[in-house]
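# Structural characterization, general
In case you want the letters, here they are:
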Amino acid sequence: MKAYDYLIVGSGLFGATFAYFAKKAGKKCLVIDKRPHLGGNVYCESIEGINVHKYGAHIFHTSNKKVWDFVNGIVPFNRYTNSPVANYKGKLYNLPFNMNTFYQMWGVTTPDAAKAKIEEQRAEAVKALQGHEPANLEEQALSLVGRDIYEALIKGYTEKQWGRSCTELPAFIIRRLPLRFVFDNNYFNDSYQGIPIGGYNKLIDGLLEGVETRINCDFFAHRAELSALAEKIVYTGQIDEFYDFRFGHLDFRTVSFEQETLDMPNYQGNAVVNYTEREAPYTRVIEHKHFEMFGQTVYDCPKTVVSREYSTEWKPGMEPYYPVNNAKNDQLYQRYKAMADEEKNVVFGGRLAEYKYYDMAPIIERVMEIWELFDF
């Protein structure tokens, strides 16, 4: 008999949720993380009484009531509604693209006037294609929303995110661009959204309550010793690293942060402001207090913390964030996945192990499915 039923490598949302259901099923788990804290990328650091999203903004949203009820059963969530603002050369636009955006862009005040303006510009873009399908992201975006919105709100931001020109990016990256002909700045269409009251650490602590954990514990530095402790492994790290990069490295985009504590109660008046012109080196500025402080409570806290986000190309040794799901990487991932599918005692889960972008709610849905579909 081994000491644990599961060795869970990584204490992010996938690993912590898996540990919760495993414990509920009477299994004994050891959760390890190479970082000096639990929670993976949803970890929050408390600064001046503000929960700072250390690895970028995380906003929980879902239409799955089962998932919403589950997380609220761990910790109650607040009523935060994601309503980002775009700053293009000093002028502000509401996101997602809605009647407020169209009014700010063109001065139109009715849905019919906004539709007419967009259709006029879309027609120009479609005519320029001369019957061909869009060959790159720029042509795709122009055919969907026209030149004004593309130039101000898509082009520069996208080029900073991906580190290359929109004419060099494949068209499939933007399959559709939702246009809302109502005055509604709510970014998500989901039925439920919010932030855990007290920050995401409360959620992780609740999921891992009663589960043994070790931080500053690198799986690959002690692989044989750690693997011998458990009957099965739940692995949430990079799948290519698990197999010693035998077929080569999968590509990622990464993000770096410039964090600043300011001696003022309110810096930008919103949690998320995107900087969409190419000349601004950062993609967005996050003011963390607005995720949990509303109305007058913003001013009850005399300081604020902001983070400027910079998107860069990933290199080994850097923190991987976003999979680059192009043809080359998808083919490489399939080679690693074929090996993973042969594993009898390893569960691969999460954005790094499955090489796909995940929002938080689908991560929890995935773990729920695993426990419902398989006998663990």
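Let us look at the structure shown here. Numbers given for residues are sequential positions, taken from 1 along each chain in its written order. Owing to the predicted nature of the model, reporting of local features is limited to residues with pLDDT of at least 70; listing and counting of side-chain atom pairs is limited to 80 or more, with chain, interface and lining totals taken over all residues. Side-chain measures were taken over the full set of non-hydrogen atoms in the model, leaving aside hydrogen atoms and water.

## Quick notes on the sheet that holds strand β13 (residues 284-287)
Quick reminder of the rule: When DSSP finds two or more bridges between a pair of strands, those strands are recorded as paired. A run of H or I in DSSP counts as a helix once it spans at least four residues, and a run of E counts as a strand once it spans at least two, with each numbered from the N terminus.
The mixed open sheet is built from seven strands, whose spatial order is β7-β6-β12-β13-β14-β11-β15. Either end of the sheet is taken by a strand with one partner, and the two such strands are β7 (91-94) and β15 (322-323). With three bridges joining them, strand β12 (residues 272-275) and β13 adopt antiparallel strand pairing. In the strand pairing of β13, V273 is matched with V285.

## Overview of helix α6 (residues 147-162)
Note the following rule: Take the seven residues that end at a residue and the seven that start at it, fit an axis to each, and the angle between those axes is the bend at that residue. Per-residue accessibility, obtained with a 1.4 Å probe over protein chains only, is compared with the maximum for each type, and a residue is labelled buried under 20%, exposed over 50%, and partly exposed between these values.
Roughly 40 degrees is the biggest bend found in α6, and it falls at I154. Residues I149, Y150, A152, L153, I154, G156, Y157, T158, E159 and K160 constitute the buried set of α6. Count one or two residues on from α6 and you reach G163, which has phi positive near 70 degrees.

## A few points about the pattern of salt bridges
Pairing is possible between side chains of opposite charge, provided their charged atoms come close. The condition that has to hold: Any Lys or Arg side-chain nitrogen located within 4 Å of an Asp or Glu carboxyl oxygen qualifies as a salt bridge.
Under the criterion given, the structure shown has 17 salt bridges. Residues E48 and K303 are paired through a salt bridge, measuring 3.9 Å at the closest nitrogen-oxygen approach. With E48 in the loop between β3 (44-47) and β4 (50-53) and K303 in the loop between α10 (297-300) and β14 (304-313), this residue pair connects regions lying 255 residues apart in the sequence. Here K303 falls in the partly exposed class, since its relative accessible area comes to 29%. K65 is the salt-bridge partner of D69, the closest N and O atoms lying 2.7 Å from each other.

## Looking at the nonpolar core
Note the cut-off: The term nonpolar core refers to a set of buried residues drawn from Ala, Val, Leu, Ile, Met, Phe, Trp, Tyr and Cys, joined through side-chain atoms within 4.5 Å. Two residues form a contact once any of their heavy atoms are found within 4.5 Å.
Residues F18, F60 and F291 are the most contacted members of the largest nonpolar core, which totals 46 residues. When residues of this core are traced back to their parent elements, those giving at least two are β1 (4-9), α1 (13-24), β2 (29-32), α2 (65-74), α7 (200-207) and α12 (360-373). Excluding its chain neighbours within four sequence positions, the residues that come into contact with F60 are V67, W68, V71, F77, Y192, Q193, G194, Y200, M360, A361 and I364. The next biggest cluster of nonpolar side chains, apart from the first, holds 27 residues, and it includes I32, C217, W314 and F348.

## Let's talk about the layout of surface pockets
Operational definition: Think of a 1 Å grid over just the protein atoms. A cavity is a set of points where a 1.4 Å probe fits yet cannot get out, a pocket is an open set with protein on both sides within 12 Å along at least five of seven lines, and lining residues have an atom within 4 Å of a point. Grid points are joined across faces, edges and corners, and a volume is the space filled by probe spheres set on the points. Charged means Asp, Glu, Lys or Arg here, nonpolar means Ala, Val, Leu, Ile, Met, Phe, Trp, Tyr, Cys or Pro, and polar covers whatever is left, Gly included.
Estimates place the volume of the second largest pocket at around 430 Å³. Contributing to the lining of the second largest pocket are 18 residues, with D341, V346, V347, F348 and R366 lying nearest its centre. When residues of the lining of the second largest pocket are traced back to their parent elements, those giving at least two are α11 (327-341), β16 (346-348) and α12. A total of four residues in the lining of the second largest pocket trace back to one element, the largest contributor, which is α11. For the lining of the second largest pocket, the residue count by class is 10 nonpolar, one polar and seven charged.

## Considerations on the packing of aromatic side chains
Formally: A pair of aromatic rings is counted whenever rings of Phe, Tyr or Trp (Trp by its six-membered ring) have centres within 6.5 Å, and the orientation is called stacked for planes under 30 degrees apart, edge-to-face for over 60 and tilted otherwise.
According to the stated counting rule, one finds 34 aromatic pairs in the structure shown. Summarising the aromatic geometry, the rings of Y6 and W371 are spaced 6.3 Å apart at their centres and angled 70 degrees between planes, so their arrangement reads as edge-to-face. With Y6 in strand β1 and W371 in helix α12, the pair connects residues that are 365 residues apart, well separated along the chain. For W371, a relative accessible area of 16% translates into the label buried. Taking the centre distance of 6.3 Å and the plane angle of 40 degrees together, the rings of F60 and W68 count as tilted. As far as the burial class goes, F60 and W68 line up, both buried. The rings of F219, F220, Y235, F242, Y243, F247, Y336 and F348 are connected pair by pair, giving a single aromatic cluster.

## So, the sheet that holds β1
Going by this rule: Every axis in this analysis is a line fitted to C-alpha atoms, fitted for helices over the stretch in contact. Angles between the N-to-C directions lie between 0 and 180 degrees.
The five strands lie next to each other as β9-β2-β1-β10-β16, forming an open sheet whose pairing is parallel. Strand pairing shows two members of the sheet lacking a second neighbour, β9 (212-214) and β16, which therefore form its edges. Each strand axis lies, on average, 20 degrees off the axis of its neighbour in the sheet, ignoring direction. In terms of strand pairing, β1 meets β2 through four bridges, oriented parallel. The residue bridging I8 from the neighbouring strand is V31, located in β2. Each of β1, β2, β10 (230-235) and β16 is contacted by α1, which is oriented at about 165 degrees to β1, the strand it contacts most.

## Here's the deal with the pairing of β10
By the bridge criterion, five bridges tie β1 to β10 in an arrangement that is parallel. Of the residues in β10, the one forming a bridge with Y4 is A230.

## Focus on the side chain of N136
Keep this limit in mind: Think of a polar contact as two N or O atoms within 3.5 Å of one another; within protein, one of them needs to be a possible hydrogen donor and the other a possible acceptor, and neighboring residues in sequence only count if both atoms come from side chains.
Mapped onto the elements of the fold, N136 is located in the loop between α4 (111-129) and α5 (137-145). Engagement of the side chain of N136 in a polar contact is seen with the backbone nitrogen of E138, the distance being 3.1 Å. Within the local environment of N136, its side chain forms a polar contact with the backbone nitrogen of E139, the two atoms lying 2.9 Å apart. With near-sequence residues (within four places) excluded, N136 lies in contact with C166, T167, L169, P170 and A171.

## Regarding unusual backbone geometry
For the bond running from L95 to P96, omega is -5 degrees, close enough to zero to count as cis. Despite not being glycine, F245 has its phi angle at roughly 55 degrees, a positive value. Along the chain, F245 falls in the loop between α9 (239-242) and β11 (252-262). Classification of F245 as partly exposed rests on a relative accessible area of 28%. At Y355, a position not held by glycine, the phi torsion is positive, near 50 degrees. Residue classification places Y355 among the buried residues on the basis of a relative accessible area of 2%.

Scope: geometric values only; no functional claims are made or implied.
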